[in-house]
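# Summary of structural features
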Amino acid sequence: MSSHYAPGPPAGQPDAPPSDATQSLDYTLERGEARPDPARATSPGHGGVGVFQAPRPLQQRTPPEPTPAAGTDIDSPFLDLFGATRPARSTPGRAAAREQQPTIPQQLVAADPLVAADPPAAPTTPVAPTTPAAPTAPAAPAAPAAPAAPVALTEVERPPAGPARRSTRVPHQVGERLARPATERTAPPPADAAPQRHPSERPEPDTGDAPPSDRRSTSRRGRATKPARVRPPKIKFRDRDPSVELAITEIAGHLTFTPNTVTAWYWLPEVRWAFRPDAEREALLAAISEQYAGLAGFRLHLRRTTRPFPADEWARTIDTHTRAPLPDVPGTPSWADHLVAAQRHLLSVNHAEGQTYLGVTFARRSLGDSLVERVRRTFGRGVADGERRKLGRTVEQFDEVLGAFGMRGRRVTTPELEWLLYRSVALCMAPPGRLSPVTDGHWERGDLLALTEQVERYRTPYGSTVKLVNRMTGEEGHVAVLAVGRMEPLEIPERHEPWLHFHERLPWPMELSSRVDILGSGDSFRNLEHRLRMIRSQQLDYAEHGIDAPPELERLAERALVIGDEMTTGLPVESARAHGWHRLAVGGRTREECLERARRLIQLYSRELRVSLQHPKNQDWLAREFIPGEPIANTGYVRRMPVNLFAAALPQAASTVGDRRGDLIGRTAGTCRRPVFLDLHFPMEVRERSGLGVFVAEPGGGKSTLLGALGYLAARRGVQVTLLDPSGPLARLCAMPELAPYARVLNLTGSEPGTLAPYSLIPTPLRSEFSAGDAGEREFEIAVSNARAERRMLVQDICMMLVPPQVAREASTATLFRHAVRQVPAEETATLDDVVATLGKLDDDAGRELANLLLDTAEMPLAMLFFGRPPEGLLGPDATLTVITMAGLRLPDLKIEREYWSAEEALALPMLHTAHRLAVRRCYGGSMSSRKLVGLDEAHFMEGWRSGRSFLVRLARDSRKWNLAALVASQNPKDILGLDVQNLVSTVFVGRIAEDEEIASEALRLLRVPVNDGYEATLASLSAADSASAARLGYREFVMRDVDGRVQKVRVDVSYVDGLLDHLDTTPAAIAAAAGVLPVVADLEA
Amino acid sequence: MRLRTDDDIYRARLVYLGPPGYTLPVHLPYAQYGLFILLVPLYMFIHWLVTLQVELFPAWEIALAIVTTSFVFRYVDPDRPARMVIHTALTDWRRTREPAAEQRDPRLVGSRIRIREELA
């Protein structure tokens, strides 16, 4: 480990912007990833795994067993409320496909409150009133519910909803202390307490968990045995623990009121940072500094919190967008299992989304206002209307300042403020329940704030952490608050990352809080002048006493003068200053974990940014500072900086890429980690763009594997997938048990003659594809003649490829071919034999010679593929996954002149051309709107031929019309750029390119990333192997540009699909190892 | 864009060299003198509480004040003003009296905050 402290890039990575370079951290970042973090993962039910069921026979439901699932080991009256989920929306289209689906298991998991809350009428709960001895057993309780919760969710059976659940108690729970005698008497109180506490909680509709008739009868029986209704005793949740009210007394709209101040809160959306040109970044920072400068005179509270990635929401989205997933094969993971695995994977890698809030404390309230509020509060009325109206007018100026380019802030909503308050009180702890507005995060007004009552705080004298305990869930968390100490000069867009965005490199969530006073030019100058006078007087003192003044005094005075000059003569932006306190909160499940994380964070900051993070004492006050409205902890570690340095903190920077409705393909690997989802049909279906995707990488960069993985994932979703893989390893995909019945391999080298007959490779447009009427008719005619022209062009090109290059170079050859091709009707039914016959009939020796040459080539078995008619039903739309291979074909090296190619290599060229056409031809068979995917490997052979370019252009154009996602893999981006189809490309993946700077520049051009800005080194550092380790690199990295133009480094990770990587492994050793287990290509051919 | 804080200007060490014409042998920051001057009457007051007498030359008090000041300023640096050091010492010292290693702080409760969806 070399400790670079000197300014400058680490050795070996000269100009790479650190933001996008490989992680130069020596310790493994992955350490924290293995286990789900409580602050991200599921507290009761949060971010749970949504389970989807493909059609299945109805299962006999077994009686509930007390499974030792950790998600249920806590007895809380609120447990069901948080775990409860709505029935998944079933789209009408799918309803038919899944009509015999019994219930969505998640609903069962929810064990809806009706059942739980109906204990007297539930004879299914065998042990009713008497609490077993378990309550006192301390074994289960305090374990945080979080990590194991997702596991529990896969259980299709209902979790124990009865006393078995109730039997384990958290020691911290109020109910434990107060309600013991009550539970022994009769009906368990939590059921009663829940509605009492949350009257606003919407009653769940009967989700069909228990058949209604059944329930009615049981309740009748219950009533029969107990004629006199026993009223459950009222449990008073009164506790005498000390509690302190927050300083905030009221939330109104986006304002919060404390007795003396009012704060207007704004939501700052995430901004893109990685892979942007420096000029753009500087413009962004300048705009933000101007906005800060515009807030001179106010105190700001910049707060960043996180929200766990809603994996279940994503799963629901993808399930909704998947109209007909691939039918399940018994004994293999079903569609539901597939989604569950993906969600588990998502939860295990701790993805969190940042949320940035900015509070502007903008008014000292008048004495009258405060008094009026105090009086009104006693009558439960709150802040007076007049004051609020007055403030409403005042805050409009902030909307204007903050809403402009730069921060683009918008007013927060009250639920967001509640969320922020809760997250601040329960700092770094698991968030409660699901809160996403898309699913029903129906937190009613005030619910979240009520939950703050459950968070207990513990401290140790001179301790370095604060312990927080949520007595409702039993979750225990430790928080260490670090303060930003001395900072060295930073070069923000060029070399360093935004200094409050930087913490996202570490794989656990952190919270940030900055309390800053913005000083306008007058204030800051006065402040500075005062300081300058003090320095000068000290210098004078030294002179009077006849002692040499320390040289630093003179230096500092000089600097103060320069700054003072800037302030008086420069723009307001340059003179405004941000004086304030910046804190980072690090959480952990245990004290040791928390301190270890804090240590790593301090180390990271000091090494990479040269910011020294301090870990002061008095942690409880520091932690309190995160809560909006609370006082500042103390005056230590105040940082005084120009506003542009504060703007460069940029905690709202983020690096998202991809859509949020596709398959999970990995995570971003740049400055922060976010999951990456890719739906290859998103460009066509939503963005109305072409579906052409381009993959560029050196050999071994992972192109084929990514292609195969995308093909697999698409096939799982029922997309018709055709993969062209000349070298053949992707054929093993068809052997995967879940795909096997729906997949077929077409090996061209062993196919019947006529398979690649060029005329039939270009489909004739159908009249039905065009609109009715004259305009449609005209378009149709144009399309038909275009198809004919394309056929002629393709046939000419194929003929040119078939004849020896010496002959092809002669001018007469092209003329003769054109002449012959013109005479053959360019319909699908025509064949190459017709062209040969026409050539032979020409009264020209050269023509006859050409005909003979073509017939010569036809003697080779492979060349027979071009002659004759294609066999019927060659590529029907039946198989979901079709892999076209050319096993045993030797591909030529394009760098060698064609003259030196062997006959076999020369034949490979037309074969590849036609095979590309063949792969796409299949997609024109079915309906236009159905989703199709074509993956074409080795597309660089298309370059240099007219028909190649026309092919790609046609593919890109047709992709929208036919809902066809086309993935084209090539080793050199120049091929794609040379074909000039870049404007039609929607998704780009660029893998490792280390050998050739020029190729790297071309790749950057394809990504539309500035060239010669140091990003070439980023491409070279992708998937960089650790030379110290002998193991193979387990992942591949790409730089990805999505359809919306966002560029980000991503790490492709499809390890959650069981067995997929084994089948996609293209290394020789793996192929040899798999030979015994996996079937060889020949066995797979259909 | 090279960005730096203004902190170094505020980090200048300002020391008292002595009255004009006489240079003290030790140069201490002004803040230390300030703290010392505050501490002496404090210790005198404590002494008075105990003995109900006021001494003309509070030798013990001065000695204690010097020790306390130097002790406090051991932890003071430009980022940690004396105020913060004393505050931390007081808050945490006050609570070390608890026998338990860990003690509960008051919970911070937000349930009584009024919420209005709209401002006006």
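Report on the accompanying structure. (Residues numbered from 1 in each chain as written. Chains lettered and ligands numbered in written order. Predicted model: local features only at pLDDT ≥ 70, side-chain atom pairs only at ≥ 80, totals over all residues. Heavy atoms only, no water.)

### Observations concerning the overall build of chain A
We count it as follows: Where helices and strands are cited, they refer to DSSP runs of H or I of at least four residues and of E of at least two residues respectively, numbered from the N terminus. Each residue is placed in one exposure class: buried if its accessible area under a 1.4 Å probe, protein chains only, is under 20% of its type's maximum, exposed if it is over 50%, and partly exposed if it falls in between. Here, residues are in contact when the closest pair of their heavy atoms is within 4.5 Å.
The helix and strand inventory of chain A stands at 38 helices and 28 strands. A buried classification covers 60% of the 1086 residues belonging to chain A. Long-range pairs, those at least 24 residues apart, make up 80% of the contacts in chain A with a sequence separation of at least 6.

### So, the overall build of chain B
Under the convention used in this document: Between the two quantities, the radius of gyration covers C-alpha atoms and the globule rule is 2.2 Å times the number of residues to the power 0.38. We get accessible surface area from the Shrake-Rupley algorithm with a probe of 1.4 Å; when it comes to residues, only the shown protein chains can shield them. All tallies of charge rest on Lys and Arg as positive and Asp and Glu as negative; His and the ends of each chain are not included. In this description, the location of a charge corresponds to atom NZ of lysine, CZ of arginine, CG of aspartate or CD of glutamate.
Along the backbone of chain B there are four helices and six strands. Element order for chain B, N to C, with α for helix and β for strand: β-α-β-β-α-α-α-β-β-β. Whereas a compact globule of 120 residues would reach a radius of gyration of roughly 14 Å, chain B reaches 22 Å, over 25% beyond that. With the principal axes as the frame, chain B shows a C-alpha extent of 70 × 55 × 35 Å. Within chain B, contacts between residues separated by at least 24 positions form 29% of all contacts whose residues are at least 6 apart in sequence. Split by element, the accessible area of chain B, about 7,600 Å² in all, is 65% carbon and sulfur. Measuring between centres, the 15 positive side-chain charges of chain B sit 3 Å from its 13 negative side-chain charges.

### A short note on the interface of chain A and chain B
Inclusion rule: Summed over both partners, the accessible surface that disappears when two parts come together, traced with a 1.4 Å probe, is what is meant by buried area. For this analysis, a salt bridge means a side-chain nitrogen from Lys or Arg found within 4 Å of a carboxyl oxygen belonging to Asp or Glu. For the purposes of these results, a polar contact is taken to be a pair of N or O atoms within 3.5 Å, where, inside protein, one atom must be able to donate a hydrogen and its partner to accept one; residues adjacent in sequence count only when each atom of the pair is a side-chain atom. Note on residue categories: nonpolar means Ala, Val, Leu, Ile, Met, Phe, Trp, Tyr, Cys or Pro, charged means Asp, Glu, Lys or Arg, and polar means any other residue, Gly included. One bridge is not enough; two strands pair if DSSP finds at least two bridges between them.
With 93 residues of chain A at the contact, the number on the chain B side is 55 residues. Approximately 7,200 Å² of surface area, both sides summed, lies buried where chain A meets chain B, with 54% of it carried by carbon and sulfur atoms. Summed over the shared surface of chain A and chain B, the result is seven salt bridges. Linking chain A with chain B are 31 residue pairs in polar contact (both at pLDDT 80 or more), by the criterion used here. The element best represented in the side of chain A that touches chain B is helix H18 (residues 521-544) of chain A, accounting for eight residues. Its residues placed into classes, the side of chain A that touches chain B shows 43 nonpolar, 20 polar and 30 charged. Pairing of strand S12 (residues 490-491) of chain A with strand S1 (residues 2-3) of chain B, which is carried by two bridges, proceeds in the antiparallel orientation. Its bridge partner lying in S1 of chain B, Leu 490 of chain A is registered against Leu 3 of chain B.

### Some points on unusual backbone geometry
We note that Glu 688 of chain A has phi near 55 degrees; this positive angle belongs to a residue other than glycine. If you trace the backbone, Glu 688 of chain A turns up in the loop between helix H24 (682-685) and strand S20 (692-696). According to the relative accessible area criterion, Glu 688 of chain A is exposed, its value standing at 52%. The phi dihedral of Leu 52 of chain B falls on the positive side, at around 60 degrees, and the residue is not glycine.

### Here we look at the nonpolar core
Residues and elements named next belong to chain A. To be explicit about the condition: Side-chain atoms within 4.5 Å link the members of a nonpolar core, which is a set of buried Ala, Val, Leu, Ile, Met, Phe, Trp, Tyr and Cys residues.
If you look at the biggest cluster of nonpolar residues, it comprises 93 residues, and the most contacted ones within it are Leu 748, Val 835, Leu 839, Phe 866, Met 911, Leu 936 and Leu 955. In terms of residues, this core owes the most to one element, helix H31 (residues 903-921), which gives nine residues. Judged by nonpolar contacts, the second largest core, of 66 residues, contains Leu 391, Leu 402, Val 643 and Ala 648.

### Some remarks on the sheet that holds S20 of chain A
All names here are of chain A. Heads up, the condition is: For helices, the fitted axis covers only the stretch in contact; all axes are lines through C-alpha atoms, and the angles between them, taken along N-to-C directions, range from 0 to 180 degrees.
Strand order in this open sheet of eleven strands is S19-S18-S28-S27-S26-S20-S25-S24-S21-S23-S22, and the pairing throughout is mixed. Edge positions in the sheet fall to strand S19 (675-678) and strand S22 (743-747), since each has one partner strand and no second. Within the sheet, the average angular offset between the axes of one strand and its neighbour, ignoring direction, is 25 degrees. Here S20 runs beside strand S26 (residues 985-990); their pairing, made up of five bridges, is parallel. Across the sheet, the residue bridging to Phe 695 is Phe 989, located in S26.

### Things to note about a nonpolar patch on the surface
Stated precisely, the cut-off is as follows: For patch building, the residue pool is restricted to those with more than 30% relative accessible area and no salt bridge; the joining distance is 9 Å between like charges and 5 Å between nonpolar side chains (Val, Leu, Ile, Met, Phe, Trp, Tyr).
Taken together, the side chains of Leu 42, Phe 45, Ile 46, Trp 48, Leu 49, Val 50, Leu 52 and Val 54 of chain B make up a nonpolar region of the molecular surface, amounting to roughly 820 Å² of accessible area. Here Val 50 of chain B is to be found in helix H2 (residues 30-51).

### Some remarks on the packing of aromatic side chains
Residue and element names in this part refer to chain A. Threshold: Any Phe, Tyr or Trp ring, taking Trp's six-membered ring, that has another such ring centre within 6.5 Å forms a pair; planes under 30 degrees apart are called stacked, those over 60 apart edge-to-face, and the others tilted. Counted as over-ring charges are cases with an Arg CZ or a Lys NZ within 6 Å of the ring centre that also lie within 35 degrees of the ring normal.
On inspection of all chains with the given rule, the structure shows 14 aromatic pairs over all chains. Following the ring pairs from residue to residue traces out a cluster consisting of Phe 309, Trp 314 and Phe 677. Sitting over the ring of Tyr 458, Lys 467 keeps its end group 4.8 Å from the ring centre. The ring of Tyr 1035 is capped by Arg 1051, whose NZ or CZ atom sits 3.8 Å from the centre of that ring.

### A short note on the pairing of strand S28 (residues 1047-1052) of chain A
All names here are of chain A. Counted residue by residue, S28 has six buried out of six residues, so it is predominantly covered. Along S28, one buried face is formed by Val 1047, Lys 1049 and Arg 1051 and the opposite face, lined by Gln 1048, Val 1050 and Val 1052, is buried too. In terms of strand pairing, strand S18 (residues 663-668) meets S28 through three bridges, oriented antiparallel. Its bridge partner lying in S28, Gly 666 is registered against Val 1052. Relative to S28, strand S27 (residues 1036-1041) is paired through six bridges, and the arrangement is antiparallel. Bridge assignment links Arg 1041 to a residue of S28, and that residue is Val 1047. Between the end of S27 and the start of S28, which pair antiparallel, lie five residues, with Gly 1045 showing a positive phi angle near 85 degrees.

### Considerations on the pattern of salt bridges
All names here are of chain A. Across all of its chains, the model carries 55 salt bridges over all chains by this definition. For the salt bridge of Glu 685 with Arg 931, the shortest nitrogen-to-oxygen distance reads 2.7 Å. Separated by 246 residues along the polypeptide, Glu 685 in helix H24 and Arg 931 in the loop between H31 and strand S24 (932-936) bring together distant segments of the chain. In this structure Glu 685 comes out as partly exposed when scored by relative accessible area, which is 28%. Arg 890 is the salt-bridge partner of Glu 905, the closest N and O atoms lying 3.2 Å from each other. Of this pair, Glu 905 sits in helix H31 while Arg 890 sits in the loop between strand S23 (881-885) and H31, placing them 15 residues apart in sequence. One salt-bridge network, in which partners are shared between bridges, spans Arg 661, Asp 663, Asp 679, Glu 685, Arg 717 and Arg 931.

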